[in-house]
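# Working through the structure, step by step
Read off the chains here:
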Amino acid sequence: MRVRIQKSALGGTVTAPPSKSMAHRALICAALAKGESTVTNVAFSQDIAATVRALRAFGAQIEQSGGEVTVRGGALRAPSAPVDCGESGSTLRFLIPLAALLGEPVVFTGHGRLLQRPQTVYERLFAGCGVSFEHTPQAIRVCGRLAPGRYRVAGDVSSQFITGLLLALSLLDGPSELAVTGAFESASYAALTASAMADFGVPVRREGQTFFLSGGAGYRPREYRVEGDWSQAAFFAVLGAAVGGVGVAGLRADSLQGDRAILAILRRAGARIACEDGVYRFEKSALRGGEIDLADCPDLGPVLMALGLLCAGETHIVHARRLRLKESDRIGAMEQEIRRMGGRIASGEDDVTVVGGALHGAALQAHGDHRVAMAMAVAALASGAEATVDGAEAVEKSYGDFWRDLRALGAEVTQDGTA
């Protein structure tokens, strides 16, 4: 799908979509709880649909009505067929350790770049505890039984591995420890996991960078409402800081989401932000470049590169290397598209530098990546440069209403020549 973005007068308020990160966690915890849970405010993006499909394969009974999901969970069973995780890294990495509890072979498949993404954390960890782990370009096969004990994971890997292990270790019949060694990047995502587990009756004790799980967890069914998504709100926050008059509702000020850092990042860049009656309002500001650390908010990478184009001077983004291992090589994709618009960007092994300046219209590509598509839309609208984006349907992976919500702010976005 191709969308055309034209110079637009923007203003108004949008409601942040439900948090994809919290929806994954809540649905999995509900599936582990014996009894019926209701999870509300769920947006059925492609990634969430992948988690629901996978949980059904593991034996959960799940029914959907609009944004409300009823989950009847309990003991997991080994799926009888390969588990299709779509392109969802969270689905795959959260469920692999749960498969390693069952003592029977479980096969996972996926699409796009999913099975190219590294899984060496599990491969090495399982090798030391007798669990078979086979990773080919077509599938991942897990077979064995994790045992209670002490586990160690490097802190500079994706927090998805830590989440998967926390969920699995909590179900073992004895106590376990999970120690995160070195710099703990994306620590906020592990905090989200511990919070969701506690909400479903399974407390996780943390001392420093070590998590303690008592084992024998009894997840309890409950009603759970998914909070708004700060990572998706960031696209509108950057747009509002550049053009003014944009509000975002539906966000928790006390959220544990690491991407809430967008507020502090924008304020350091000179943005004027107010919060009234639960609505964050972003006013047009003279933005300036600076240094941004992505260690705890990697999903903000693409929109922060777009922000750099809208700031005076240089924006230096550090701890960026994991962006190369997402749905696309997000650094390479953003470099290519920013240069198409006349922007200046350069990258190193673990950093990206963007120089602010005027942009011109261009024919852009989404690279099959939802965050690249949304970031380039923000860059085009904020700079007044007309552009087309091919592969715009990529937003369905996480935020299917993105183009609709842009239109609600007054953006002139058309698809295939129609509004």
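Please refer to the structure placed before this passage.
Here we come to helix α11 (residues 370–383). In this model, α11 (14 residues) spans 20 Å end to end at C-alpha, consistent with the 20 Å of a helix rising 1.5 Å per residue. Of all the 14 residues making up α11, 13 are buried; the element is thus mostly covered by neighbouring parts of the structure. One side-chain oxygen of the residue at the start of α11 lies 2.9 Å from the amide nitrogen of R371, identifying that residue as D369. Downstream of α11 by a residue or two, G384 has a phi angle that is positive, lying close to 80°.

When strand β18 (residues 291–293) meets strand β19 (residues 314–318), the two strands line up parallel, connected through three bridges. Within β19, the residue paired with I292 across the bridge is I317. Regarding topology, helix α9 (residues 301–309) serves as the crossover connection from β18 to the parallel β19, and that connection is right-handed. When β19 meets strand β21 (residues 351–355), the two strands line up antiparallel, connected through five bridges. Bridge pairing links V318 to D351 in β21.

This part covers the sheet that holds β18. Read across the sheet, four strands follow the order β18-β19-β21-β20 without closing on themselves; strand pairing throughout is mixed. Edge strands, defined here as strands with exactly one partner in the open sheet, are β18 and β20 (344–347). Across the sheet, the axes of successive neighbouring strands diverge by a mean angle of 15°, strand direction being ignored. Strands in contact with α9 are β18, β19, β20 and β21; relative to β21, the strand with the most contacts, it is inclined by about 30°. On the sheet, helix α10 (residues 330–340) packs against β20 and β21 and is oriented at approximately 160° with respect to β20.

Within the secondary structure, T15 is located in strand β2 (residues 12–15). When the C-alpha positions of T15 and V279 are compared, they lie 8.8 Å apart, and in sequence the two are 264 residues distant. Setting aside its immediate chain neighbours within four residues, T15 contacts A249, G250, Y399 and D405.

Moving on, we come to the pattern of salt bridges. Counted according to the given criterion, the structure contains 24 salt bridges. Across the pair R404 and D401 runs a salt bridge whose closest N-O atoms are separated by 3.6 Å. By relative accessible area, D401 is classed as partly exposed at 36%. Here the residues in one salt-bridge network are K20, D47, D299, E327, R330, D369, R371 and K397, joined through shared partners.

Taking 1.5 Å as the rise per residue, helix α1 (residues 20–32) with 13 residues should run 18 Å; its terminal C-alpha atoms sit 19 Å apart, in good agreement. For α1, the N-terminal capping position is held by S19, with its side-chain oxygen 3.4 Å away from the main-chain nitrogen of S21.

Bringing the packing of aromatic side chains into the picture now. For the structure on display, the rule yields 12 aromatic pairs. Ring geometry for Y122 against F126: centres 5.5 Å apart, planes inclined by 5°, an arrangement best described as stacked. On the criterion of helical spacing, the pair formed by Y122 and F126 is a turn pair, its members being four residues apart in helix α4 (residues 120–127). An identical accessibility class is assigned to Y122 and F126; each is buried.

Turning next to the side chain of S176. Tracing the chain through its elements places S176 in strand β11 (residues 176–181). There is a polar contact of 3.1 Å between the side chain of S176 and the backbone nitrogen of G149. Here S176 is in contact with P148, G149, L169, F211, F212 and L213, once residues within four sequence places are set aside.

The next subject is the pairing of β20. Pairing between β20 and β21: four bridges, direction antiparallel. Across the sheet, I345 pairs through a bridge with V354, a residue of β21. The turn linking β20 back onto β21 is made up of three residues.

In this section: unusual backbone geometry. A positive phi angle, close to 60°, is found at N41, a residue other than glycine. If you trace the backbone, N41 turns up in the loop between β3 (35–40) and α2 (46–57). You can call N41 partly exposed: its relative accessible area is 25%. Positive phi is not limited to glycine here, since S186 has a value of about 55°. Mapped onto the elements, S186 comes out in the loop between β11 and α6 (187–199).

Here the focus is the nonpolar core. The biggest cluster of nonpolar side chains holds 78 residues, and the ones touching the most others in it are L266, L304, M305, F402, W403 and L406. If you tally residues by element for this core, the top one is α11, at 11 residues. Look past the residues within four positions of F402 in its chain and what remains in contact with it is F235, F236, M374, A377 and V395. By size, the runner-up hydrophobic cluster in this structure holds 75 residues, among which are A23, A99, V180 and F200.

Remark: α1 packs on α2, axes separated minimally by 10 Å, with the N-to-C direction vectors making an angle of 10°. When the axes of α1 and α2 are compared, the pair comes out roughly parallel. Across the interface between the two elements, K20, A23, H24, L27, I28 and A31 from α1 touch D47, I48, T51, V52 and L55 from α2. Of the residues that constitute the contact of α1 with α2, the class distribution is seven nonpolar, two polar and two charged.

What counts and how
Residues numbered from 1 in each chain as written. Predicted model: local features only at pLDDT ≥ 70, side-chain atom pairs only at ≥ 80, totals over all residues. Heavy atoms only, no water. Helix = DSSP H or I, 4+ residues; strand = E, 2+ residues; numbered from the N terminus. Expected span 1.5 Å × (residues − 1). Buried < 20%, exposed > 50% of the residue type's maximum accessible area, 1.4 Å probe, protein only. Polar contact = N/O pair within 3.5 Å; in protein donor to acceptor, adjacent residues only side chain to side chain. Pairing = 2+ DSSP bridges. Right-handed = clockwise from strand over helix to strand, strands pointing away. Axes fitted to C-alpha atoms, helices over the stretch in contact; angles between N-to-C directions. Contact = heavy atoms within 4.5 Å. Salt bridge = Lys/Arg side-chain N within 4 Å of Asp/Glu carboxyl O. Phe/Tyr/Trp six-rings, centres within 6.5 Å; stacked < 30°, edge-to-face > 60°. Core = buried A, V, L, I, M, F, W, Y, C linked by side-chain atoms within 4.5 Å. Parallel < 35°, antiparallel > 145°, perpendicular 65-115°, else oblique. Nonpolar A, V, L, I, M, F, W, Y, C, P; charged D, E, K, R; others polar.

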